[in-house]
Amino acid sequence: PVHTRYARSSDLDRVNFGISEDFFPSFTAMCNAYSPKLPRCDDTGWWNLEWGFRNEVPAARENWKHNPIGGESPYADQKKTWTSRTADIVDLLKRYHFSWLGPAGQHENTGSGFPAKMRTIKRALGYEFTVRQAVWPDAMRAGAPISVTLSVENTGSAPLYHLYQTELHWVDAGGATRARAAFDFPLNALLPG
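So, a few notes on the structure that sits alongside this text.

**Considering unusual backbone geometry**
Thinking step 1. That bond from phenylalanine 24 to proline 25 is cis: its omega, -5 degrees, falls within 30 degrees of zero.
Thinking step 2. In this fold, proline 25 is placed in the loop between strand E2 (18-21) and helix H2 (49-55).
Thinking step 3. The step from glycine 102 to proline 103 runs through a cis peptide bond, and the omega angle for that step is 15 degrees.
Thinking step 4. Here proline 103 lies in the loop between strand E4 (98-101) and helix H5 (114-124).
Thinking step 5. Its identity as a non-glycine residue notwithstanding, arginine 14 has a phi of 60 degrees, on the positive side.
Thinking step 6. One can find arginine 14 in the loop between helix H1 (9-12) and E2.
Thinking step 7. Classification of arginine 14 as exposed rests on a relative accessible area of 76%.

The structure is reproduced here in structure tokens:
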């Protein structure tokens, strides 16, 4: 998918592009949304993602449903927020439906406690499907069709942007597939929540 840098009318008016927020988290949300203020925060114009959604292209706030949003943090103080303010970073990722971060970011560094915090951030990015319930008959007869119902939730921050043929496989104790069935619902239609 095509990305643009800014949520401004010259970039997003009547087009459905993704966004590359290359000054994350400084130009992502309004500065008063987080306390203390995020480093280098500036929400006084179209370079700020939220400002652009509020003032230039309100319809582009929904672009994430069809095109990924991501960003990177080029400066050390921005990168540091990934590990010093992980909860705020995860909130931003979910609020703005980020699918990716990088190439510049705190994942480039190593340090005490970094791996756990990076896993938390990674889990917040993009889609994540969770099977909430699986229902099938108590009794089954060999060779006969069975009805299987799955309740699946997207617990991530964004949808799956590509359509894949998804299948459920019934696997025996030896690992051999004994039966399979294609999903009758496209997983890319599952929005977060």
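Having seen the structure, we can now continue with the description.
**Focus: a nonpolar patch on the surface**
Thinking step 1. On the surface, a cluster of nonpolar side chains totalling about 290 Å² of accessible area is made up of Trp136, Met140 and Ile146.
Thinking step 2. Relative to the elements of secondary structure, isoleucine 146 occurs in the loop between strand E5 (129-135) and strand E6 (149-154).

**Some remarks on H5**
Thinking step 1. Turning to H5, its buried residues number three or more, namely Phe114, Met118, Ile121 and Ala124. Looking straight down H5, one finds its buried side chains confined to an arc of 120 degrees; they lie on one side. Those residues of H5 that are exposed and angled more than 90 degrees off the buried face are Arg119 and Arg123.
Thinking step 2. Elements in contact with the buried residues of H5: helix H3 (76-84), helix H4 (86-95) and E4.

**With respect to the pairing of strand E8 (residues 177-182)**
Thinking step 1. Judged from the 5 bridges that link them, strand E7 (residues 167-171) and E8 form a sheet pairing that is antiparallel. Opposite valine 171, over in E8, you have threonine 177 as the bridge partner.
Thinking step 2. In this structure, the hairpin formed by E7 and E8 is closed by a connection of 5 residues, where glycine 175 is found at a positive phi of approximately 90 degrees.

**Thoughts on the packing of aromatic side chains**
A ring pair, where both rings are aromatic, is described by two values, the distance of the centres and the angle of the planes.
Thinking step 1. Inspection of every chain in the model, using the stated rule, returns 7 aromatic pairs.
Thinking step 2. A ring pair is formed by phenylalanine 23 and phenylalanine 27, whose centres lie 4.5 Å apart and whose planes are at 45 degrees; its orientation type is tilted. Neither residue differs from the other here; phenylalanine 23 and phenylalanine 27 are each classed as buried.
Thinking step 3. Taken together, a centroid distance of 5.5 Å and an interplanar angle of 70 degrees make the contact between tryptophan 46 and tryptophan 47 edge-to-face.
Thinking step 4. Overall, the relative accessible area of 29% leaves tryptophan 46 in the partly exposed class.
Thinking step 5. Through a chain of ring-to-ring contacts, the aromatic side chains of Tyr6, Trp46 and Trp47 assemble into a single cluster.
Thinking step 6. Taking NZ or CZ as reference, arginine 8 lies 4.2 Å from the ring centre of tryptophan 46, over its face.
Thinking step 7. Above the ring of tyrosine 75, the side-chain terminus of arginine 40 is found at 3.9 Å from the ring centroid.

**Describing the state of the cysteines**
Thinking step 1. In the structure shown here, the tally under the stated rule is 1 disulfide.
Thinking step 2. Note on cysteine connectivity: cysteine 31 is disulfide-linked to cysteine 41, with sulfurs 2.2 Å apart. Negative torsions about the S-S bond denote left-handed disulfides, and the value of about -105 degrees found for cysteine 31 with cysteine 41 makes this one left-handed. One end of the pair, cysteine 31, is in the loop between E2 and H2; the other, cysteine 41, is in the loop between E2 and H2, with 10 residues separating them in the sequence.
Thinking step 3. Assessed through its relative accessible area of 13%, cysteine 31 is described here as buried.

Analysis parameters
Residues numbered from 1 in each chain as written. Predicted model: local features only at pLDDT ≥ 70, side-chain atom pairs only at ≥ 80, totals over all residues. Heavy atoms only, no water. Helix = DSSP H or I, 4+ residues; strand = E, 2+ residues; numbered from the N terminus. Buried < 20%, exposed > 50% of the residue type's maximum accessible area, 1.4 Å probe, protein only. Patch = residues over 30% accessible without salt bridge, like charges linked within 9 Å, V, L, I, M, F, W, Y side chains within 5 Å. Areas by Shrake-Rupley, 256 points an atom, 1.4 Å probe, with all protein chains shown as cover. Salt bridge = Lys/Arg side-chain N within 4 Å of Asp/Glu carboxyl O. Arc of directions from axis to C-beta. Contact = heavy atoms within 4.5 Å. Pairing = 2+ DSSP bridges. Phe/Tyr/Trp six-rings, centres within 6.5 Å; stacked < 30°, edge-to-face > 60°. Lys NZ or Arg CZ within 6 Å of the ring centre and 35° of its normal. Disulfide = S-S within 2.5 Å.

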